[in-house]
Structure formats: structure tokens, C-alpha cells
Amino acid sequence: MPRQCDICHEARAIVRRPKTGQSICKECFFYVFETEVHNTIVDSKLFKPGDRVGIGASGGKDSTVLAYVMKALNDRYNYGLDLYLLSVDEGIAGYRDDSLETVKRNKEQYGLPLLIVSYEQLYGWSMDSIVAAVGRKNNCTFCGVFRRQALDRGALMLDLDHIVTGHNADDVAETILMNIFRGDISRLDRCTEIATSGEGYVVRSKPFKYAYEKEIVMYAYLRRLDYFSTECTYSPNAYRGYAREFLKKLERVRPSAILDIIHSGEAMHVAKDVQLPSLDRCQRCGYISSNSVCKACVLLEGLERGIPKLGISRTKQDVEAGPRENDLVHFEKLRQEALEMRRSRQKSESCQQSACACTENCS
């Protein structure tokens, strides 16, 4: 006899939740998954009405489910958010170009505006050209650093208040483990935060912080969402892969291990007398940095000087602070342009609300 749903006790159970062990029907699974994400958003006070929120969209399962759920919850609970899709084209032939086609379809399916920024456009280098210069051992360092800054640059181009990413519970637990393995105290103290403070100009958060990857996959499958599932060409040798393999082994023995690690990470705090790196602004591009020159500018200089290991090697290299002729567009300039966009938009909205008849002054 088919097992009944543990929640509604009526429909046939077709899903066993890895997170709780419950056997539930499809509709109840949709309800509890979406409700848990909603509770995470509300309990953490992630948004306020009127926020312009960019969804980091790669075309993969996490970001596709995030886009679908954010739109559904925004409509259902009247968050009052203006949602946008924001994608980064790293320039990986046969991978990112295909996944971006999925994002473009998601744009039409969900009716959300889309902006795509590329490494080639921002840095003058694609990941394919970077890998050709540095090899496959450290390429993920370049991609991670460049991608984070690219998202913030794209957010300012759209004048966003907030970026949400599809990082799930598995990702957060892996990051905690990686920081423990590396002994990186400063990152360990920050990696469990559900939202940044916005010191990089735009607040960034993880609504899927407590959502298991397996449940996201099941949600995408049962909802029949359109997503891209191929692994990045350059990721098999990434350090994160080893942390992921270790975590999966723990999960097989103890299914609650993922949330256990997250809660343990949340309970860890650096003693007040421990001196951590202070955050400032890069003297070249204005991005947030603990050094006079940020990691992205150092890596970019290494590529341009033909010493791509600059910024990766533990050996101290000669990197001068201060501006150079071919520096990245300064973040302060982007911020001022975003503020001007906002003032113009607010002025236009004010005119529409008052139904003013002015022409020249309100144009």
C-alpha cells in the first residue's frame, strides 16, 4: 500500500526530505520548501518594500530555483520588491555561453529584466584566456575574485539595493569547513552570515542558507524548471570539491551534519582581543579590501605583466599602490552614476504621481 503524506495524510508521498526524513506529497513539499525560505527571509529581515533586488543568475539549479521562488514569494506575500536577473559571463566556451541561454529563457519565463556583465567587458580577460596563462591549478582563485566584484559592478549598473545568490546549506557548510582547514579566522567569522553589511556598496544575502542542495534539485525537478546542469569545465580540481566530498561522506553517516556544521559555525566567534585585518578601499578601483590594492587589481596586474602567479604565490611580489593608466573603472564613479540614476527615477516617479504637466523640468 502506498505511503500517505506525513503532513496532509491524504495524498501519496513521493518525496523523502533529506533534511527532516519526512515522507510527503509533491504539493506539501512545495509548500514547506517555499515557506521555509519565506521564514528565512522574514526572520532575517532581508528586504524592505521598494528594494531593487538582483538575483544572481547562472542558469544552474540553485539560481533558477531562487529566481522562481523569489518571484513567487514576492507576489504571494507582497514583499514589494523590484526583481532583476543579474548574470556574469566568465567567458568559458561550451559552458557559460550555453548556461546563459538558459538564463535568457528564464528571463522570458519569469518576466524579469536581465543584465549580463562579462569578464572581457570588465577586465579585458576571459576565463579561457586566463586559464591559458595560469593553467588549471589556480584558475578558480581568479574566477572567484573576479566574479564577486563583477556582481557588485553589475548591481551598481542596475542601481540595486540588494543581491541574492543561490548559495545553499551545503555551500555554506563547505565554506565553513574550508576556512577551518585553512585556518582562515577572519573569513570563518563572516562566512555564516546570511547577509553582508553592504560595505561593498550593495547588500548581499543567501535566502537558501538553510535549504539542502538535494531538496533544491528535487524542487527543480518536480516543478519542471528550465535549468542548466553541466559542471564547469575548470572546476574538477577546485579545492572546494574536496570539502564537498568530505561533507557528503559525513551526510551519509549523519544526515543532519550539514545543518550541524552551519549552527556550529554560527556559534563560533573570534575573541575580542584577536586582531583581524581592517577593511578599507582599494587605492586603484575603490573596491573593499584589507590591503592598499585589492585582490582583483593584483591578479589583473599579474596577468598584464606576464606573472600570473602574482597575488597567488606566498612569495612577496612588488605591487605598487596608487592608480595606474589601465585601472578598472573606479567604484566611486559607478556609485555616483547609480545615485544619479536613482535621483532621475525618483523625480520621474514623483512627476507621475502628482500628474504634473511640466515638460522641460521633468524630462
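Quick caveat, the model's predicted, so the values are computed rather than measured.

A. Inspection of the nonpolar core at higher detail. Grouped together as the largest cluster of nonpolar side chains are 44 residues, with contacts concentrated most on Tyr-119, Tyr-123, Ile-130 and Phe-146. It is helix α6 (residues 139–157) that provides the largest number of residues to this core, a total of seven residues. When near neighbours in sequence (up to four residues on either side) are disregarded, Phe-146 contacts Tyr-119, Tyr-123, Ile-130, Ala-296, Leu-299, Leu-300 and Leu-303. Core analysis: the next-biggest nonpolar cluster, separate from the first, contains 39 residues, Leu-46, Val-53, Val-69 and Leu-222 among them.

B. Up close: unusual backbone geometry. The phi dihedral of His-9 falls on the positive side, at around 60°, and the residue is not glycine. One can find His-9 in the segment before β1 (15–16). According to the relative accessible area criterion, His-9 is exposed, its value standing at 52%. Of note, the phi angle at Lys-45 is positive, near 50°, even though the residue is not glycine. Tracing the chain through its elements places Lys-45 in the loop between α1 (26–43) and β3 (52–56). We classify Lys-45 as exposed; its relative accessible area is 72%.

C. Representation of the packing of helix α10 (residues 239–253) against helix α11 (residues 257–267) in the model. The N-to-C vectors of α10 and α11 enclose an angle of 115°; their axes lie 8 Å apart at closest approach. Between α10 and α11, the residues in contact are Leu-247, Leu-250 and Glu-251 and Ala-257, Ile-258 and Ile-261, respectively. For the contact of α10 with α11, the per-class residue count stands at five nonpolar, no polar and one charged.

What counts and how
Residues numbered from 1 in each chain as written. Predicted model: local features only at pLDDT ≥ 70, side-chain atom pairs only at ≥ 80, totals over all residues. Heavy atoms only, no water. Core = buried A, V, L, I, M, F, W, Y, C linked by side-chain atoms within 4.5 Å. Buried < 20%, exposed > 50% of the residue type's maximum accessible area, 1.4 Å probe, protein only. Helix = DSSP H or I, 4+ residues; strand = E, 2+ residues; numbered from the N terminus. Contact = heavy atoms within 4.5 Å. Axes fitted to C-alpha atoms, helices over the stretch in contact; angles between N-to-C directions. Nonpolar A, V, L, I, M, F, W, Y, C, P; charged D, E, K, R; others polar.

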